[in-house]
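# Chain and residue survey
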Amino acid sequence: MKILVCIKQVPDIESNPEIRCDSLWIKEDNIAFRMNRYDEYALEEALLIKETIPGTTLDVITAGPERASSVLIKGLEKGADNAVMIICERYPLSSYETALLISNYASDNNYDIIFAGVMSEDAMQCTTGPMIASLLSIPCVVSSVKTSVDYEEKIITVESELEGGIIETVTLSIPCLITVQTGINQPRYPSLSGKMRAKGLKPSVIDGEYLKSGFNKSDYKLGYPDSNVNGVTITGTSEEKAVKLLEILHERGLLL
Amino acid sequence: MNSSGRYKAIAVIDTIEDKILHQSLELTAFINQIYQGSTSGLLLVVTGRNIIEECRILADKSGFDIAAVEHNGFYYPNPDLLVKTLNVLHEKYRPEIFCLTNTIRNCSAVSAFSAECGLQCITGIELVSETDNGLMLQRNIFNGKLKEKIIVSAQQLAVTVNPGAFQLKQDDAHIKSETFIEKVEIDEEVSGYKPVSISESSDMESSLEDADVIIAAGRGIGKPENLQMVRDVVRIFNNAAIGASRPVCDNRWLPYRHQVGVTGKTVSPKLYMAIGISGSQQHIAGMKNSQCIVAVNMDAHAAIFSVADYIVIEDVNVFIPVFLKIYHERKR
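Glancing now at the overall build of chain B. Across its full length, chain B carries eight helices and 17 strands. Here the C-alpha coordinates of chain B stretch approximately 70 × 50 × 35 Å along the principal axes. Within chain B, buried positions represent 62% of all 332 residues. Contacts spanning at least 24 positions in sequence make up 63% of the contacts within chain B whose residues lie at least 6 apart.

All right, on to helix 3 (residues 79–93) of chain B then. Between its first and last C-alpha atoms helix 3 of chain B spans 20 Å; for 15 residues at 1.5 Å apiece the expected length is 21 Å, and the two agree. Phi turns positive one or two residues past the end of helix 3 of chain B, at Arg94(B), with a value near 45°.

Each side of the interface is counted separately: chain A has 81 residues, and chain B has 83 residues. Both sides of the chain A and chain B interface together cover about 7,000 Å² of buried area, and 57% of this is carbon and sulfur. Connecting chain A to chain B are four salt bridges. Here Glu247(A) and Arg330(B) are joined by a salt bridge, their closest N and O atoms 3.4 Å apart. Linking chain A with chain B are 33 residue pairs in polar contact (both at pLDDT 80 or more).

All names here are of chain A. For helix 2 (residues 69–78), the set of buried residues is Val71, Leu72, Gly75, Leu76, Glu77 and Lys78. In this fold, the buried residues of helix 2 make contact with strand 2 (9–11), strand 3 (33–35), helix 1 (37–52), strand 4 (57–64), strand 5 (82–87) and helix 5 (192–199). Count one or two residues on from helix 2 and you reach Gly79, which has phi positive near 135°.

Within the structure shown, the criterion is met by seven aromatic pairs over all chains. Stacked on the ring of Tyr75(B), the Lys or Arg Arg49(B) has its end atom at 3.8 Å from the ring centre.

Moving on: the sheet that holds strand 8 (residues 134–141) of chain B. Spatially, 12(A)-9(B)-8(B)-7(B)-10(B)-6(B)-1(B)-4(B)-5(B)-11(B) is the arrangement adopted by the ten strands of the open sheet, whose pairing is mixed. For this open sheet the edge positions go to strand 12 (220–223) of chain A together with strand 11 (181–184) of chain B, each flanked by a neighbour on one side alone. Adjacent strand axes in the sheet meet at a mean angle of 35°, parallel and antiparallel pairs treated alike. Pairing geometry for strand 7 (residues 120–131) of chain B and strand 8 of chain B, over six bridges, is antiparallel. The residue bridging Ile125(B) from the neighbouring strand is Arg139(B), located in strand 8 of chain B. Those strands touched by helix 3 of chain B are strand 1 (9–13), strand 4 (42–48), strand 5 (65–70), strand 6 (97–101) and strand 11 of chain B, and its axis lies near 150° from that of strand 4 of chain B. Packing against the sheet, helix 4 (residues 104–117) of chain B makes contact with strand 6, strand 7 and strand 10 (157–161) of chain B, and its axis sits at approximately 170° to strand 10 of chain B.

Our focus in this paragraph is the sheet that holds strand 13 (residues 213–217) of chain B. The six strands lie next to each other as 13(A)-17(B)-16(B)-15(B)-13(B)-14(B), forming an open sheet whose pairing is parallel. The sheet terminates laterally at strand 13 (232–233) of chain A together with strand 14 (240–244) of chain B, the two strands that pair on one side only. Direction of pairing for strand 15 (residues 271–275) of chain B relative to strand 16 (residues 292–297) of chain B: parallel, over a ladder of five bridges. By the bridge assignment for strand 16 of chain B, Ile275(B) is matched with Val296(B). Along the sheet face, helix 5 (residues 227–234) of chain B touches strand 13, strand 14 and strand 15 of chain B and points at about 145° away from the line of strand 14 of chain B.

Turning our attention to the nonpolar core. Ranked by internal contacts, the top residues of the largest apolar core, which has 58 residues, are Ile61(A), Ile114(A), Leu89(B) and Phe98(B). Of the residues forming this core, the biggest block, seven residues, is contributed by helix 4 of chain B. Not counting residues up to four positions away in its chain, the partners in contact with Ile114(A) are Leu4(A), Cys6(A), Ala106(A), Leu136(A), Ile138(A), Cys176(A), Leu177(A) and Ile178(A). Judged by nonpolar contacts, the second largest core, of 46 residues, contains Leu27(B), Ile31(B), Cys55(B) and Leu157(B).

This part covers the state of the cysteines. Within the structure shown, the criterion is met by zero disulfides over all chains. Cys121(B) supplies the cysteine sulfur nearest to Cys99(B), a cysteine that is in no disulfide, at a spacing of 13 Å.

With that settled, the discussion passes to the domain arrangement of chain B. It is common to report an interface's size as the accessible area lost on association of the parts. Residue and element names in this part refer to chain B. Domain annotation for chain B reports domain 1 (9–184) and domain 2 (208–331). A straight line from the C-alpha centre of domain 1 to that of domain 2 covers 34 Å. Taken together, the eight residues of domain 1 in the interface contact seven residues of domain 2. Both faces considered, domain 1 and domain 2 share a buried interface measuring about 530 Å² in area, 36% of it formed by carbon and sulfur atoms. Linking domain 1 with domain 2 are one salt bridge, by the criterion used here.

Our next topic: unusual backbone geometry. Of note, the amide linkage connecting Ile174(A) to Pro175(A) takes the cis form, showing an omega dihedral of 5°. Looking at the secondary structure, you find Pro175(A) in the loop between strand 9 (166–173) and strand 10 (176–180). For Asn143(B), which is not glycine, the phi torsion reads 60° and is therefore positive. Although it is not a glycine, Asn239(B) adopts a positive phi angle of roughly 40°. Mapped onto the elements of the fold, Asn239(B) is located in the loop between helix 5 and strand 14. Using a relative accessible area of 42% as the deciding quantity, one classes Asn239(B) as partly exposed.

What counts and how
- Residues numbered from 1 in each chain as written.
- Chains lettered and ligands numbered in written order.
- Predicted model: local features only at pLDDT ≥ 70, side-chain atom pairs only at ≥ 80, totals over all residues.
- Heavy atoms only, no water.
- Helix = DSSP H or I, 4+ residues; strand = E, 2+ residues; numbered from the N terminus.
- Buried < 20%, exposed > 50% of the residue type's maximum accessible area, 1.4 Å probe, protein only.
- Contact = heavy atoms within 4.5 Å.
- Expected span 1.5 Å × (residues − 1).
- Buried area = accessible area lost by both parts, 1.4 Å probe.
- Salt bridge = Lys/Arg side-chain N within 4 Å of Asp/Glu carboxyl O.
- Polar contact = N/O pair within 3.5 Å; in protein donor to acceptor, adjacent residues only side chain to side chain.
- Phe/Tyr/Trp six-rings, centres within 6.5 Å; stacked < 30°, edge-to-face > 60°.
- Lys NZ or Arg CZ within 6 Å of the ring centre and 35° of its normal.
- Pairing = 2+ DSSP bridges.
- Axes fitted to C-alpha atoms, helices over the stretch in contact; angles between N-to-C directions.
- Core = buried A, V, L, I, M, F, W, Y, C linked by side-chain atoms within 4.5 Å.
- Disulfide = S-S within 2.5 Å.
- Domains from an automatic or database assignment.

Rendered as C-alpha cells:
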C-alpha cells in the first residue's frame, strides 16, 4: 500500500498576526509556524494504517516556501518514509495552485490513498483536498471521523461527519483521497528513535516555480475584523470585573 | 461577470433523505444582494431520490424556477453526483455564479467542480459589497482574526455562503405567476464514491438545547482538571449546562455531546458564557444567537469578543476562581 499525506505549514493562530503593508499576507517576523492541526490528524491516520498493513510506504508532501520543510521533518520524525518539498517562494498559493502542484507529483506515483486535513487553519477553505482528487480523477470523501481499510477488496469505509453531528457512512474504491477531521485519533509525538532516524533523511526537492502565472489568486486584500461596537468591555481589577459581571448577571435574573 | 444564458445564477438547495433543508433558501437573499434586489435570473437546484413533489411545493411558495435532479444516489448528500449535476447545468446555462450553502460536503463539490471547469472558487462568504473596483466578497481567515476581501474578476464563480450570513426577509419573496420545473438527468456512471447510510452520532444526546444558561469551556482552560471550575460556575445558575469548543472534545476532555458549533449543537440560551474560547468561525456559528453572551479570554483579539455583549479580558484560570469566590461571599 502506498499512502501520501498532504501537509501545510501554517502560522500559529494563537499569536496575533499583523497584516503586511501590501495587505496580501501577514508580517512573518515574530510569528511561529507549525503543522496545520487538521493535517496532524491526517498524518496520524496514515501512520495507524501503516502499522496495521505490512509493506505500506508513507510519504509526506508540502508546497510552499523553504521554511515549510520543517513540517516534513516532523512527519519523518513521526514515522513517514519519504518527504517531498515543492518549493514555491511566491506566497500564499491559492488552493488551486497547491492542488495542481501536488496532483502533478502524485499522478506519477500511484498512491492508493491520499490523506489531507479537512481544511487549513489559516485559509479555512476546505478546498485543496477535493481539488487534488478532482485533478487526479479519483473519488474523495471529506471530514472523516473513522477510516477502515479493506486492502484485499480495495475498499475503504469512511464515517464522515456532516453538520449538526450527523454521520454519513461512505465506501470508496482505492485509489482515493480522504480529508480528515480533528478528533479522529490522537496524534503522536515523535519518539527519540524516530528523531534519530529522521536525521538521516532529507526531503526530496521539486521546484514549484514552473507554475508561473496564469493561476494567480484573484485581486484580494487582508483586513482586520470590525471592532465590536455592541460589546461592553468590563474593566478594573480582577475583583472589580467579577463584581461588575455578577451584578449584570444578577440584574438579568440568571443567578441562583 | 456576464452571462448570455437563461439563468444568471444557480443556487443549490440542500436536501437529506428527500427533505429540503430550508436554511439553504438563504442563498436567495445572497443572490438578491449580489444583483441588487433582483432575483429574476435565479434557478434553484434541488436533488433527491423522489423530489419532484417537494419541488412543486417549493416553486409555488418561493416563485422560483427549479431544476429537479432525481437520482437514487441523491437520497444522502452526495458531492460526487453534485459535481456531475453542476457540470450539466454549467454546459446548459453558463451562469455567472453557482452558489451553495457553506457545508463541508458543498465545499467538496464546488472545489472539485471549479477545478474541473476552471471557475474561480470562493468558500465561506459572509459579506458582499459593491466597491469602485467591482463586487467584493468577504470571508474569514485565521480563525476569524483576519478577513480576506476578494474583488471578483472572473467571468464565472462557484461559491459557498455561510449559513446565517444573509437573512431571508419576507419582502424578498419573488413573486412570479408561473414557475418552471425542469427535470435534469445525470448519467448513471460507475463511481468509486458510494453513500451507504446516515446516522445521528451516538454521542449527541445532551441537555444543551433545553438549558437556559450554557457555560462553555475552551482550550484556554489549559488542562482537563480545570473543568472543575467550569462545573462550579454551572452550579451558580438556574437550569445550566456545560458546553465546549471542538478542541476540548477533540482532546477528550469532554464528550462530543457537549460540543457547540457547526459540527455540534446550535444553541440560543438566555446566557452563553464562553470561558477560554477563542471563537473559531465554526463555534461562533453555533452560539451567536444566544440572548446574552459573556466571553472571558486573556487574548484581547479573541474572535469570540466580536459577538460578545460583555467582554472580560482576563486569564480564565485567575478570573474564574475570583468570580466564584466573590459570588459565594456575597451569597452568604
